[in-house]
Amino acid sequence: MKIQFMTARAIGIVLLLNSWSFKAQGQETAPTETAPPPVAAKKPPTNGFLTHKEVTELAQPRVRIGLRLTSFIKKPTLDPQGRTVETYVTREPLRHTLRSRLNKVNHFYLGPWHVETTPLKWIKETRRYEIRLSLYRRYGAYDLLEELVGHVDLAGVLEKQEESIYVLKGVARQRIRDKFGFPLLDVVAGYDPEGVISSSVVKPSQKSSSGKG
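Residues numbered from 1 in each chain as written. Predicted model: local features only at pLDDT ≥ 70, side-chain atom pairs only at ≥ 80, totals over all residues. Heavy atoms only, no water.

### Considering the pattern of salt bridges
Then, number 1: A complete count under the given rule lists seven salt bridges for this structure.
Then, number 2: Here R175 makes a salt bridge to D186, at a shortest N to O gap of 2.8 Å. Of this pair, R175 sits in strand β8 (residues 165-177) while D186 sits in strand β9 (residues 183-191), placing them 11 residues apart in sequence.
Then, number 3: On the basis of relative accessibility, which here comes to 24%, the residue R175 falls in the partly exposed class.
Then, number 4: Residue classification places D186 among the buried positions, given a relative accessible area of 5%. (Salt bridge = Lys/Arg side-chain N within 4 Å of Asp/Glu carboxyl O. Helix = DSSP H or I, 4+ residues; strand = E, 2+ residues; numbered from the N terminus. Buried < 20%, exposed > 50% of the residue type's maximum accessible area, 1.4 Å probe, protein only.)

Okay, here's the thing in structure tokens:
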């Protein structure tokens, strides 16, 4: 009886040790739930090609706007009475076709002038389009300084010419003067129905001052 009791006790101890061993192994091998490591966003390789943003920018509709800028210079002369007369004569006009994005502000630099185009209204059903041209005179070293000289508002109808390219049919003319009232710049913007930029009649302005040459 004593041997049987010792044998049963030994078997019980072995079974208990085995159960502890299984529990320890289960704890060691139990999977743990952890957050996956953050994945860095991959930047598309450029390799000299256009990015998606650049392609989107190019795909936006463009509006062609004819523009002619004619500036004035002061030329002192003498009248028949010997008085000094300051006559304002025109320089050679600057002509350019602006390719403005339909619904965004654009900037163009033409010689001593900075032209900023700002869309005002776009009615898709009738294709009526309104835009404002703000003109700045550039001066100083490397033309780093600017002075706002005036605005020209242009309205017309957009005529499709190519894929995503429209021509603004409508004309605006304006003479911009300096703070003393003397002519500074003649602006003609837009195209007439024939597609040719319209001409403006430039009349010389004079200022007489007493004194002899």
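### A look at the layout of surface pockets
Then, number 1: Reported here for the largest pocket is a volume of approximately 350 Å³.
Then, number 2: Elements represented by at least two residues in the lining of the largest pocket include exactly β1 (62-78), β7 (145-162) and β9.
Then, number 3: With four residues, the single largest contributor to the lining of the largest pocket is β1.
Then, number 4: When the residues that make up the lining of the largest pocket are grouped by side-chain class, the tally is 10 nonpolar, one polar and seven charged. (1 Å grid on protein atoms, 1.4 Å probe; cavity = no way out; pocket = protein on both sides within 12 Å on 5 of 7 lines; lining within 4 Å. Points joined across faces, edges and corners; volume = space filled by probe spheres on them. Nonpolar A, V, L, I, M, F, W, Y, C, P; charged D, E, K, R; others polar.)

### Here we look at the packing of aromatic side chains
Then, number 1: For the structure shown, the criterion picks out two aromatic pairs.
Then, number 2: Residues Y88 and F182 carry aromatic rings whose centres are separated by 5.3 Å and whose planes lie at 20° to one another, so their mutual orientation is stacked. Linking Y88 in strand β2 (residues 83-90) with F182 in the loop between β8 and β9, this pair joins segments that are 94 residues apart in sequence.
Then, number 3: Judged by relative accessible area, which is 9%, Y88 ranks as buried.
Then, number 4: Each ring, one from W122 and one from Y129, has its centre 6.2 Å from the other, and the planes form 75°; the classification is edge-to-face.
Then, number 5: A relative accessible area of 35% means that W122 is categorised as partly exposed. (Phe/Tyr/Trp six-rings, centres within 6.5 Å; stacked < 30°, edge-to-face > 60°.)

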